[in-house]
Amino acid sequence: MIYKVSYVVIGGEHPGAIMNQTNMPQVGDHVEIGNRVFEITEVHEVMPPRGDFQFLHATVRPLPDGDAEAGGKTEKEKGE
Amino acid sequence: MDDLIKLLKTVELFEGLSDEQLRRLAEISREERYERGDEIFAQGDEGDKVYIIRRGQVEVVIDRRSGAPRSQIYLGQGQIFGEMALVDMGPRSATVRCIRDGTVLDVIKRGDFIRLCEEDTAIGYIVMRNMAADLSFKLRHYNLAQY
């Protein structure tokens, strides 16, 4: 299954991101958008799956600089 | 070629195409590589290509003439951009910059794509349906990001 995820940043001016990933995003996971790392705070389905694709919306909050190593794993780390 | 077809299967734009149809699309796609800071195209440019992000991330920026240019969205692996030029043939509506070193894009020229769709209308139907779904997803993202 491929997860197409809309990441929306809570608060601030960051426009968020859309990206595909092979792991289902989970609350507490970290995601790299541009040169910043965010923590996922909520995940829900946007529309029904089609073919091998599942469509999700996730809200994220920016991690303070230096907090990227704490807590959850990024998609990249999960793939390693 | 087999690796490229495998990769194309992970792109929503091509969901529903057979291996043979994916092979024909792979034949007209060309790989481009970018580094962080590279401008892929600028707002107002003439647009005749659609881009698929194989690896890396890009930033989409719009200059509204009032105020500083504003970032609209970041796009990562599997996403498409530049598709509006395929649909309406207008100038680029935004500037797109690479924000990750080693970003790899698959690029399809409009003329090549239109020719392929005329030869195999099923490809045209499926890709255009998926493109509409992608635009819808982007609109949903934009709407959610407003709150």
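Residues numbered from 1 in each chain as written. Chains lettered and ligands numbered in written order. Predicted model: local features only at pLDDT ≥ 70, side-chain atom pairs only at ≥ 80, totals over all residues. Heavy atoms only, no water.

Asks: Explanation requested: helix α5 (residues 121-145) of chain B in the structure shown.
Replies: An α-helix turns once every 3.6 residues. As a result, residues three or four positions apart point the same way. An ideal rise of 1.5 Å per residue puts 36 Å on 25 residues; α5(B) measures up with 36 Å between its terminal C-alpha atoms. Residues B:Ile123, B:Gly124, B:Ile126, B:Val127, B:Asn130, B:Met131, B:Asp134, B:Phe137, B:Lys138 and B:His141 constitute the buried set of α5(B). (Helix = DSSP H or I, 4+ residues; strand = E, 2+ residues; numbered from the N terminus. Expected span 1.5 Å × (residues − 1). Buried < 20%, exposed > 50% of the residue type's maximum accessible area, 1.4 Å probe, protein only.)

Asks: Can you walk me through empty space enclosed by the protein in this structure?
Replies: Take a probe with the size of a water molecule and roll it over the atoms, and the empty space left behind shows itself. Scanning the model with the defined rule gives 2 cavities of 30 Å³ or more in all. There is about 40 Å³ of room inside the second largest cavity. Every residue lining the second largest cavity is listed: A:Lys4, B:Glu12, B:Leu13, B:Gly78, B:Gln79, B:Ile80, B:Asn130 and B:Asp134. The residue inventory of the lining of the second largest cavity, partitioned by class, reads 2 nonpolar, 3 polar and 3 charged. (1 Å grid on protein atoms, 1.4 Å probe; cavity = no way out; pocket = protein on both sides within 12 Å on 5 of 7 lines; lining within 4 Å. Points joined across faces, edges and corners; volume = space filled by probe spheres on them. Nonpolar A, V, L, I, M, F, W, Y, C, P; charged D, E, K, R; others polar.)

Asks: Whenever I open this one, unusual backbone geometry confuses me. Can you help?
Replies: Of all residues except glycine, most have a negative phi; of all peptide bonds, most are trans. The residue B:Met89 is not glycine, and still its phi comes out positive at about 60 degrees. Looking at the element boundaries, B:Met89 is found in the loop between α3 (83-88) and β7 (95-98).

Asks: Even after reading the chapter, I still don't get the sheet that holds strand β5 (residues 70-75) of chain B, so can you show me in this structure?
Replies: Sheet strands line up and pair through hydrogen bonds in the backbone, either parallel or antiparallel. The 9 strands lie next to each other as β3(A)-β4(A)-β5(A)-β1(A)-β2(A)-β5(B)-β4(B)-β7(B)-β2(B), forming an open sheet whose pairing is mixed. Edge positions in the open sheet fall to β3 (30-33) of chain A together with β2 (39-41) of chain B, since each of these has one partner strand only. The sheet shows a mean angle of 30 degrees between the axes of neighbouring strands, taken without regard to direction. Helix-sheet contacts for α5(B) involve β1 (2-9), β2 (17-21), β4 (36-50) and β5 (53-62) of chain A together with β5 of chain B, and the interaxial angle to β1(A) is about 30 degrees. (Pairing = 2+ DSSP bridges. Axes fitted to C-alpha atoms, helices over the stretch in contact; angles between N-to-C directions. Contact = heavy atoms within 4.5 Å.)

Asks: What am I meant to see in the sheet that holds strand β1 (residues 29-34) of chain B here?
Replies: Residues and elements named next belong to chain B. Here we have 4 strands laid out as an open sheet, ordered β1-β8-β3-β6, and antiparallel in their pairing. At either margin of the open sheet sits one strand with a lone partner, and together these are β1 and β6 (80-81). When β1 meets strand β8 (residues 103-109), the two strands line up antiparallel, connected through 6 bridges. Its bridge partner lying in β8, serine 29 is registered against isoleucine 108. Each of β3 (49-55) and β8 touches helix α4 (residues 110-119); the most contacted strand, β8, lies at about 60 degrees to it.

Asks: What am I meant to see in the pattern of salt bridges here?
Replies: Close approach of charged atoms lets side chains of opposite charge pair. Under the defined criterion, the tally for this structure stands at 20 salt bridges over all chains. For A:Lys4, the salt bridge goes to B:Asp134, with nearest N and O atoms at 2.5 Å. Separated into two different chains, A:Lys4 in strand β1 and B:Asp134 in helix α5 make up a pair that spans both. A relative accessible area of 2% places A:Lys4 in the buried class. (Salt bridge = Lys/Arg side-chain N within 4 Å of Asp/Glu carboxyl O.)

Asks: Explain the packing of aromatic side chains here, please?
Replies: Here a ring pair, both rings aromatic, is described through the centre-centre distance and the interplanar angle of the planes. As enumerated under the stated definition, the model contains 4 aromatic pairs over all chains in all. Judged by centre distance (6.0 Å) and plane angle (55 degrees), the rings of A:Phe55 and B:Phe137 are tilted. Here B:Phe137 lies in helix α5 and A:Phe55 lies in strand β5, a pairing that spans two chains. Grouping residues by exposure puts A:Phe55 and B:Phe137 together as buried. Linked through ring pairs, B:Phe41, B:Tyr51 and B:Phe81 together constitute an aromatic cluster. (Phe/Tyr/Trp six-rings, centres within 6.5 Å; stacked < 30°, edge-to-face > 60°.)

Asks: Just checking my understanding: could you explain the environment of B:Ser93 for this structure?
Replies: Residues and elements named next belong to chain B. Within the secondary structure, serine 93 sits in the loop between α3 and β7. C-alpha separation for the pair serine 93 and glycine 47, spaced 46 residues apart in sequence, amounts to 9.4 Å. Excluding residues within four positions of it along the chain, serine 93 makes contact with Gln43, Ile62 and Met84.

Asks: Explain helix α2 (residues 19-28) of chain B to me, please; I cannot follow it from the model alone.
Replies: Residues and elements named next belong to chain B. Within the sequence span of α2, burial applies to Gln21, Leu22, Leu25 and Ala26. End-on view of α2: buried residues confined to an arc of 145 degrees, all on one side of the axis. In this structure, the buried residues of α2 make contact with α1 (2-8), β1, β8, α4 and α5. (Arc of directions from axis to C-beta.)

Asks: I tried to follow a negative patch on the surface on my own but got confused; where do I start?
Replies: All names here are of chain B. Judged by side-chain charge, Glu39, Asp45, Glu46 and Asp48 come together as a negatively charged surface patch. Tracing the backbone shows aspartate 45 in the loop between β2 and β3. The exposure class assigned to aspartate 45 is partly exposed, which follows from its relative accessible area of 33%. (Patch = residues over 30% accessible without salt bridge, like charges linked within 9 Å, V, L, I, M, F, W, Y side chains within 5 Å. Areas by Shrake-Rupley, 256 points an atom, 1.4 Å probe, with all protein chains shown as cover. Lys, Arg positive; Asp, Glu negative; His and termini not counted. Charge placed at Lys NZ, Arg CZ, Asp CG, Glu CD.)

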